[in-house]
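Spelled out, the chains give:
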Amino acid sequence: MKYIILISLFLFYAFFQYQEKQTSAVGDIIDSTAVKVNVDDSSRSKIKQVAKVFSSYSIKVSLDVQKKLLKASQIIKWKNPSTIPTSELYFHLYPNAFGNKRTEFLSGRRIPGNSHSHININKLTVNGKPKSLNYSSSRTGNRFDSTVAKIDIDQPVNQYDSLEIAFEYEVKIPKAYSRFGYDANEIFFFLAQWFPKLGVYENGSLPGTAGWVCDPYYPFTEFYADFSNYSLEITIPNSFKLASSGEVISKKVESKNTTYKVVQNNIHDFAWLAAKDVLDFTDTIKRKDHSEVTVHYILQTTNEGSRNRVSTAVNNAFNFFEKNIGTYPYRTLTVIDAPTKAGMIRAMEYPALFTFSKDYFSPEFTKDLDEVILHEFSHQYFYGILANNESTEAWLDEGFAEYISQKILQKKYGQRFASFKLFGYLPVTGMELLAIERIPFIYTLTQIPKPFEADLMAAYYSYATFGTLSDTSFRLLNRRVYQSVSYAKGALFLFTLEKYLGEKKLLFVLRQYFNQYKFKHPTASDFFAALRKFSHQNIEWLITDFYEKSYTCDYKILGIDVSPERHRAEIVIVRDGEAVVPLEIDLYTDMDTIKTFWNGKEKIKRFTFNTRNTIIAAEIDPQRKNLFDLNFANNSYTMKTQYSGALYISTRWFFWVQNLLMIFGGLS
Ligand SMILES: [Zn+2]
């Protein structure tokens, strides 16, 4: 009983301590008529950035919020970009992922009846001739999945020949279970992956070959499409606000509904939102050349107190990318705060639009709200502009977004402290909760700030041998392995690379990679080609052992043999695991530090140092460059049990990772 009272008191304390300032939202809701409409060219960056576009989408769509239905007519104009003719077209019909429980996406999971959805194609023509859709399960063999469909064309379509494909269709909108649907209050309709979208017709790996890349909706990986020009007329009830991937160029208000004309060029997907009872405002980011980007925010009214925190994160990310990677190419960016009960709509990226969601308790010291905004913004570059195939090489967007967002966090947000979410909801510092649990040993160890890479390392360690970066993402074992590989290992790969190349050089490489592949579909080989060309440093060991293979490594010092009479010390090092990593080895004496470098190859290696000084300790990789080392605690060896700086750092790092593993393990 005593403990229950103590815990209750603590929770009340946490509530009042961390609840952000909530003020009345009334009076600050800006009517959507105030959404800035940019039709002149003065705000466009002077740097011309356009994609080579071979298709366009014109869509008229209306939302019926009562029936939870979209009605649309759509015309796609497509030119064959390849020298190889084709006589078929492939389309994604993603709403069918929620059509029955045996789809690839649901893989047997039952979902509530109101979370079912499907797309009904009522009319389909190609160049004016009626056509029928054939559902295709060629990639997976799953005949219950109808998220991919094929149209056969009478005549082969040669390079630059064009087709006009016209659809009329209805989409039943689900109650949000995944990335698409409406919230529990039925006032937030988020439409993503809602329209028939062409696959990508691209050249094959063998010369003279080409084919359609059009994957079904997989359980955890994401999407892939070509850059296109989009023009939409979206009709929604007058009481709802619109936010989208596009720029509103006109609107027509009628008795019950408003129709918005919205355009965006050089994007590969289009998402939009109709919502009411939300904060709706815009902000402008101005560049030195006087061009500007209009940021359209939709926030939950309960999160008005976080308004500055959200826009600061967006500005921090925008400034970092424009300074270090390249220019944001669109005139608009839409940032949407999704309700907490809206499935996986929270924290998703689309071209010129991303979503996040704020937990009710999100104290600033955890930096978790800032982190998710930085991550999702980063996808504007790694996914939006560098449009890799997210279902096969997810680390190229998830790992890269994670790496850059963590960098911005480190640079702009200072020290971070540990927290984890009690019951998945209330963040409590690890220190305080463990103190209540009366584990004083861990209490002491957790009173330290959290190393920035600790979460990534813990997530990587848990599944280090379950898959690797070169594995086809959608074939990875499950969501946890997918996240460990694509997010954690991907980001650790880049952090380790940075530590070996230096930050300046890696950012230079990323800038070149961006310039060469913007508005294209880069692969890992393209990134490695840029890396080899611009880094001028041998990093093949990293590519072979940590990209191609799921090799692991743990370097450890077994001991130091000291012969004072011969003025000699010998360090014995063991390499566990298959990976080979070049490393620095330091010997600390009472007078100096003696450094040596090792290619890391031998399984057991002895280093002999000649010195008259008193030996204190030895350490492998003192700058923690190799973040793949599975155990930092055995990287140092101290002659006496006295306090040692090097040992202290190692121990501190080790216990952090161990504690995180313990916490994650306890919650799973
Ligand atoms: Zn992401």
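Residues numbered from 1 in each chain as written. Predicted model: local features only at pLDDT ≥ 70, side-chain atom pairs only at ≥ 80, totals over all residues. Heavy atoms only, no water.

A. A look at the sheet that holds strand S29 (residues 593-598). With antiparallel pairing, the 4 strands of this open sheet are ordered in space as S29-S28-S31-S32. The sheet is open, and its two borders are formed by S29 and strand S32 (636-638), each paired with just one other strand. For this sheet, the mean inter-axis angle between neighbouring strands, taken without regard to orientation, is 15°. Pairing of strand S28 (residues 583-589) with strand S31 (residues 615-620), which is carried by 5 bridges, proceeds in the antiparallel orientation. Bridged to Tyr588 within S31 is Ala617. (Pairing = 2+ DSSP bridges. Helix = DSSP H or I, 4+ residues; strand = E, 2+ residues; numbered from the N terminus. Axes fitted to C-alpha atoms, helices over the stretch in contact; angles between N-to-C directions.)

B. Focus on the environment of Arg179. Relative to the helices and strands, Arg179 resides in the loop between strand S8 (162-172) and strand S9 (181-182). Remark: the alpha-carbon pair of Arg179 and Ala342, spanning 163 residues in sequence, is separated by 8.4 Å. Once residues lying within four places of it in the same chain are set aside, the contact partners of Arg179 are Phe105, Phe190, Ala192, Tyr217, Phe220, Thr221, Glu222, Phe223, Met344, Ile345, Met348 and Tyr350. (Contact = heavy atoms within 4.5 Å.)

C. Structural view of the sheet that holds strand S27 (residues 568-576). Sheet architecture is open: 3 strands sit in the order S26-S27-S30, paired in antiparallel fashion. Two strands lie at the open edges of the sheet, namely strand S26 (554-563) and strand S30 (604-610), each paired on one side alone. Taken over all neighbouring pairs, the strand axes of this sheet differ in orientation by 20° on average, direction set aside. Looking at chain direction, S27 and S30 are connected through 7 bridges and run antiparallel. Bridging across to S30, Arg568 finds its partner in Asn610.

D. A look at the nonpolar core. Judged by nonpolar contacts, the single largest core of 182 residues is most densely connected at Ile165, Trp194, Trp272, Phe493 and Phe527. Take this core: its biggest share by element is 12 residues, from helix H8 (residues 479-501). Apart from the residues within four sequence positions on either side, Trp194 is in contact with Ile59, Val61, Leu70, Pro95, Ile119, Tyr169, Val171, Phe180, Leu232, Phe270 and Trp272. (Core = buried A, V, L, I, M, F, W, Y, C linked by side-chain atoms within 4.5 Å. Buried < 20%, exposed > 50% of the residue type's maximum accessible area, 1.4 Å probe, protein only.)

E. Structural detail: the packing of aromatic side chains. Per the stated rule, a full pass over the model turns up 58 aromatic pairs. Consider the rings of Phe321 and Phe377, whose centres lie 5.8 Å apart with planes at 50°: the pair is tilted. Of this pair, Phe321 sits in helix H2 (residues 307-324) while Phe377 sits in helix H3 (residues 368-378); the two residues are 56 residues apart in sequence, bridging distant segments of the chain. The same class applies to Phe321 as to Phe377, namely buried. Sitting above the plane of the Phe105 ring, Arg109 keeps its charged end 5.3 Å from the centroid. (Phe/Tyr/Trp six-rings, centres within 6.5 Å; stacked < 30°, edge-to-face > 60°. Lys NZ or Arg CZ within 6 Å of the ring centre and 35° of its normal.)

F. The arrangement of the layout of surface pockets in detail. In this model, the second largest pocket occupies a volume close to 830 Å³. Contributing to the lining of the second largest pocket are 39 residues, with Val200, Glu202, Tyr224, Asp226 and His521 lying nearest its centre. Those elements that place two or more of their residues in the lining of the second largest pocket are strand S1 (55-64), strand S11 (197-198), strand S12 (200-203) and helix H9 (503-517). Ranked by the residues each element gives to the lining of the second largest pocket, the list is headed by S12, at 4 residues. Partitioned by chemical class, the residues of the lining of the second largest pocket number 16 nonpolar, 14 polar and 9 charged. Residue contributions to the lining of the second largest pocket reach at least three from each of two domains, namely domain 1 (50-276) and domain 2 (285-416 + 452-551). (1 Å grid on protein atoms, 1.4 Å probe; cavity = no way out; pocket = protein on both sides within 12 Å on 5 of 7 lines; lining within 4 Å. Points joined across faces, edges and corners; volume = space filled by probe spheres on them. Nonpolar A, V, L, I, M, F, W, Y, C, P; charged D, E, K, R; others polar. Domains from an automatic or database assignment.)

G. Seen up close, the packing of H2 against H3. The N-to-C vectors of H2 and H3 enclose an angle of 40°; their axes lie 9 Å apart at closest approach. As summarised for this structure, H2 and H3 are arranged oblique, according to the angle between their axes. Our pair here, H2 against H3, has a crossing hand that is right-handed. Between H2 and H3, the contacting residues are Arg309, Val310, Ala313, Val314, Ala317, Phe318 and Phe321 on the first element and Asp368, Leu369, Asp370, Ile373, Leu374, Phe377 and Ser378 on the second. Residue composition of the contact of H2 with H3, grouped by class: 10 nonpolar, 1 polar and 3 charged. (Parallel < 35°, antiparallel > 145°, perpendicular 65-115°, else oblique. Left-handed = near helix turned anticlockwise from the far one by under 90°.)

H. How the structure looks around the coordination of the zinc ion. Within the protein, the atoms that donate to the zinc ion are His375 (NE2), His379 (NE2) and Glu398 (OE), at distances of 2.0 to 2.1 Å. Read in sequence order, the donor residues coordinating the zinc ion give the pattern H-x3-H-x18-E. One end of the pair, His375, is in helix H3; the other, Glu398, is in helix H4 (residues 395-413), and 23 residues separate them in sequence. (Donors = N, O, S within 2.8 Å, 3.2 Å for Na, K, Ca; no water.)

I. Here's a closer look at the packing of H8 against H9. With their axes 6 Å apart at the nearest point, H8 and H9 run at an angle of 120° to one another. Judged on the interaxial angle alone, H9 and H8 are oblique. Touching Leu494, Leu497, Glu498 and Leu501 of H8 are Glu503, Lys505 and Leu506, all from H9. Looking at the contact of H8 with H9 residue by residue, the class counts come to 4 nonpolar, no polar and 3 charged.

J. Representation of the pairing of S26. One ladder, built from 9 bridges, connects S26 with S27; its direction is antiparallel. The partner of Ile557 across the bridge, within S27, is Ile573.

K. Examining the confidence of the model for the protein chain more closely. On average, residues of the protein chain score 85 in pLDDT, and 83% of them are at 70 or above. Note on residues 1-47: pLDDT is under 50 here. Beyond four places in sequence and across chains, it has 72 contacts. Note that pLDDT drops below 50 for residues 420-448; the model gives that stretch 52 contacts with residues more than four away or on any other chain. (pLDDT = per-residue confidence, 0-100.)

L. Local environment of the side chain of Lys367. Position of Lys367 among the secondary structure elements: in the loop between strand S23 (353-356) and H3. Overall, Lys367 belongs to the buried group, its relative accessible area being 12%.

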